[in-house]
Every structure is written in structure tokens, then in C-alpha cells.
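# Observations on chain architecture
Read off the chains here:
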Amino acid sequence: MTYETLIVEQHDAVTLVRLNRPQALNALNSQVLADLIAAFAAYDGDASQRCLVLTGSEKAFAAGADIKEMSDQSFAEMYGANFFGGYDRVTATRKPFIAAVSGFALGGGCELAMMADFIIASDTAKFGQPEIKLAVTPGMGGSQRLVRAIGKAKAMEMCLTGRMMDAAEAERSGLVARVVPAAELVDEAMKTAKAIAGMAPLAVLAVKEQVEAAFEMTLSAGIRFERRLFHGLFGSADQKEGMAAFVAKRPGVWTGT
Ligand code: HXC
């Protein structure tokens, strides 16, 4: 499958998706969204694929939603079409995905990175929600996910001033899992993705559901939900294999059942 604005490759069990609109610093227009929805649906539906890495270029992960495309839209057009609503289909992906961010991740770019299960950043990464400078606000989840990721003080400051956060501050604040040298970013993200792809598939799905539940549920409901999923895995062949392999001091061999 080829895409107008993405380069998609499969490396064994890992799908690598590169945003590819260099002339606009990967600004997210409606074609990018349509391509992302198709690429993520293909990934989610392909049993051979176990993890996905989403990246941009060295200069820009994505410099935001496409300002030129949006600028003349009316309220009726934006609201009527539920503009950006399509991103819910990206976040509905049940399998894990990692954002590998180098350079600018601004506005919608920062918000797209935060849709990932976690972010690995290069030391050149710059995160920001500069929408306020355009007389609008975050519109792809930034005001919600940034607060959950780094807390109210920094999130509010960033959204109200539009200032950028560098990679070191992003790591310190908990926005990113890890910072690596720019030249190693994609290799490091792929290595991490391959490690996840090598885990028992049902357990991977369950972990993602559990951690996501922490953002949606009360603590007691979340802990009950976690425990039930944990109990449920004892109905899987891979749980028997994983624990038998540990006792026998050999690596587990997964069937995904
Ligand atoms: C459309 C964009 C773009 C964007 C860059 N470009 N960002 N086009 N939408 N978000 C285009 C530029 O117009 C230019 O095209 C080309 O990409 C290169 O950009 P330059 O500005 O020349 O590059 P540089 O000087 O290196 O500056 C990089 C930058 C700057 C600091 C990232 O481009 C910038 O500030 N971009 C906008 C960042 C932003 O405000 N993002 C939030 C968007 S709103 P030409 O044709 O001139 O060469 C958003 C909304 C979410 O995401 C929800 C609210 C509605």
C-alpha cells in the first residue's frame, strides 16, 4: 500500500511510518489524517505486525495542523465536519505505537506525538502548543493529554504562552520516555519496538488497556480492571508457556493464544 503523505515500511513485526510532507514541515492536513487512519487500520488489522513507530524528519516531527488549510474555515464547517475528530480512529488502535520525535513537534504535531503510547525524543526535539499565537487553542487533545503528562503548571504555561520545551525539559517533566542522540533516534525506537513485538501479544494488548484505563477510571475501578485482565491471561496458552519457560530457564515461544 502506498500513501501520498506517508512512507510505510514493515520490518519483521514492526511497522515504521514516516510523515512525509517535507515542504510543509509535515504539517498535518486532511490528506495526512486520511493516510494515518488507513495506515493505522492496516497495522491494527495485520496479525503479523506487533508494534508501530511513527516518526517525521530530522527537522520536524510535525509543525502542527496545516494552518493554510484551516485558515478560511467557518465555525459551521469545523463543527459540522467534526474537524480533527478522525484522530479518534488513530487513538483507537489496540496495538502499541511509539512516537519517535526529532525537531519540531508543535501544536497538532505535539498532540499527535502524545497520542502514542510513549514518546522517544531526539536531543533536538522541541515540543510546544503555540495555537494561542494564532488566536486559537489546542484542538487535537493537547489541553488534556499535556496536563496528564506533565501536570497543570507547565501545561498551562505552555498553552498560554506558546513557548517551546526542549528535549531535556521534556524528559525531566515526564513528557517523553527517553532522549537519544538525533542520529540514533529511529534505530533506538525500532529497537524498542522490536523488544515489544517480541513479547506475548495478548499480554501486550492487556498492558496497553490497563495503562490507558489509568487515565479514564477511578483508582479502585482501575485496579479492579487491571486484576481482571491479569486473571484473564491465565486462560492463555502463552501464560502457561511464559511461566514454564522461566522455570526451565529457556526463552518463551509465543503463539498469541
Ligand atoms: C502549514 C506550515 C506549518 C503549518 C510550517 N509550515 N508549519 N504550513 N501549517 N503548521 C510551512 C511554512 O509555511 C513554510 O512554507 C514551510 O513549512 C517551512 O516553514 P518555515 O516557517 O519557513 O520554517 P522555519 O523558519 O524553519 O520555522 C519552523 C517553525 C515555523 C518554527 C516550525 O514553521 C512555525 O512556527 N510553524 C507553525 C507552528 C505552529 O503554529 N503550529 C501550530 C499550528 S496550529 P513556505 O511555503 O512558506 O515555504 C495547530 C492547531 C491544532 O496545530 C488545533 C487548533 C485548531
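Everything below is about the structure shown above.
Attention here is on the structure that accompanies the text. What you see is a predicted model, and the numbers here were worked out from it, not measured in a lab.

Conventions used here
- Residues take numbers from 1 onward in each chain, read along the sequence in its written order.
- Totals for whole chains, interfaces and linings use all residues, but because this is a predicted model, local features are given only for residues with pLDDT of at least 70 and pairs of side-chain atoms are given and counted only at 80 or more.
- Hydrogens and water molecules were not included; the side-chain quantities draw on all heavy atoms of the structure.
- By convention, a stacked pair of Phe, Tyr or Trp rings (six-membered ring in the case of Trp) has centres within 6.5 Å and planes under 30 degrees apart, an edge-to-face pair has planes over 60 apart, and any other such pair is tilted.
- The helix and strand labels rest on DSSP assignments: H or I over at least four residues marks a helix, E over at least two residues marks a strand, and numbering proceeds from the N terminus.
- Each residue gets one of three labels from its accessible area relative to the maximum for its type: buried under 20%, exposed over 50%, partly exposed in between, using a 1.4 Å probe on protein chains only.
- Any two strands with at least two DSSP-identified bridges between them are counted as paired.
- Here a residue-residue contact requires only that any non-hydrogen atoms of the pair lie within 4.5 Å.
- Convention adopted: a line fitted to C-alpha atoms gives each axis, helices being fitted over their contacting stretch, and angles between N-to-C directions are expressed from 0 to 180 degrees.

On to the packing of aromatic side chains. Any pair of aromatic rings gets described here by the distance separating the centres and the angle formed by the planes. The final tally for this structure, using the stated rule, is 5 aromatic pairs. Taken together, a centroid distance of 5.2 Å and an interplanar angle of 15° make the contact between Phe75 and Tyr79 stacked. Linking Phe75 with Tyr79, this pair stays in helix H3 (residues 75-80), spanning 4 residues, or about one helical turn. Tyr79 shares its class with Phe75; the two are exposed.

Strands sit in the order S4-S6-S8-S9 across an open sheet of 4 strands; the sheet is mixed. Across the chains shown, the open sheet's two edge strands, defined by having one partner strand only, are strand S4 (60-62) and strand S9 (165-166). Examined bridge by bridge, S4 and strand S6 (residues 104-106) share 2 bridges and lie parallel to one another. The residue bridging Ala62 from the neighbouring strand is Ala105, located in S6. Packing of helix H5 (residues 108-115) onto the sheet brings it into contact with S4, S6 and strand S8 (126-128), and relative to S6 it is tilted by some 95°.

Phi is positive for Asn26, close to 60°, though the residue is something other than glycine. As for its placement among the helices and strands, Asn26 is situated in the loop between strand S2 (14-19) and helix H1 (30-45). Given a relative accessible area of 3%, Asn26 falls into the buried group. Notably, Lys249 is not glycine yet its phi reads approximately 55°, a positive angle. If you trace the backbone, Lys249 turns up in the segment after helix H12 (237-247).

Purely spatial values, then, with no claim about function.
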